[in-house]
Amino acid sequence: GIFAQGLRSSFGQTVAVWYLLLQGSQFHLIYYASRPLSNMFAFGLTTVAMRYLLPDWASRPGTRASSRGVILPLCLLTMAGVIFRAELAILVAFTAMFLLVTRGTSIFSNIVVAGLVGLAGGLIPTVCIDSMFW
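A. The arrangement of the nonpolar core in detail. In terms of nonpolar packing, the biggest core is built from 12 residues, these being A49, Y52, L53, V70, L74, L76, L77, V92, A96, L99, I111 and A114. Of all elements in the fold, only α4 (38–52), α5 (67–83), α6 (88–103) and α7 (107–133) reach the threshold of two or more residues within this core. Among the elements that make up this core, the one with the highest residue count is α5 (4 residues). Excluding residues within four positions of it along the chain, A96 makes contact with L74 and I111. Within the second largest apolar cluster, 6 residues are counted, among which are F3, A4, L7 and A16.

See below:
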């Protein structure tokens, strides 16, 4: 998957293989992936977001993080939280704090922008689709 590719480019082939073996040995992942649950839809978005936070997609330590390395993952996490699982707000908050502390991310130009884009990107389809069903 996309996360294993990110692990391979960030940490090497061995780490990616061990990750795939671990994921392949987990029965619940395959079991729940076969069901249309909100958890599994959120899992896809959060996995892609976490892949973009791996070191090869962001700035190296000691430098400011690029917008792409911060805005896209936070936007995806926010969208997943708005659409599928509200408790992802906790993950978004701690991820944003981590990025502030470790990468020197700008709170206004990166984190707030990502939050607003993710909020709009999650609310618009959710309101339209839910309104149609209700």
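B. Structural context of the environment of L91. Checked against the element boundaries, L91 lands in helix α6. The exposure class assigned to L91 is partly exposed, which follows from its relative accessible area of 33%. Dropping the residues within four chain positions of it, L91 is found in contact with M50 and L77.

C. Here's a closer look at the side chain of T78. Among the secondary structure elements, T78 is positioned in helix α5. Note on T78: relative accessible area 14%, which makes it buried. One polar contact links the side chain of T78 to the main-chain carbonyl oxygen of L74, over a distance of 2.7 Å. Those residues in contact with T78 that lie beyond four places of it in its chain are V92, A114, G115, G118 and L119.

The rules behind each value
Residues numbered from 1 in each chain as written. Predicted model: local features only at pLDDT ≥ 70, side-chain atom pairs only at ≥ 80, totals over all residues. Heavy atoms only, no water. Core = buried A, V, L, I, M, F, W, Y, C linked by side-chain atoms within 4.5 Å. Buried < 20%, exposed > 50% of the residue type's maximum accessible area, 1.4 Å probe, protein only. Helix = DSSP H or I, 4+ residues; strand = E, 2+ residues; numbered from the N terminus. Contact = heavy atoms within 4.5 Å. Polar contact = N/O pair within 3.5 Å; in protein donor to acceptor, adjacent residues only side chain to side chain.

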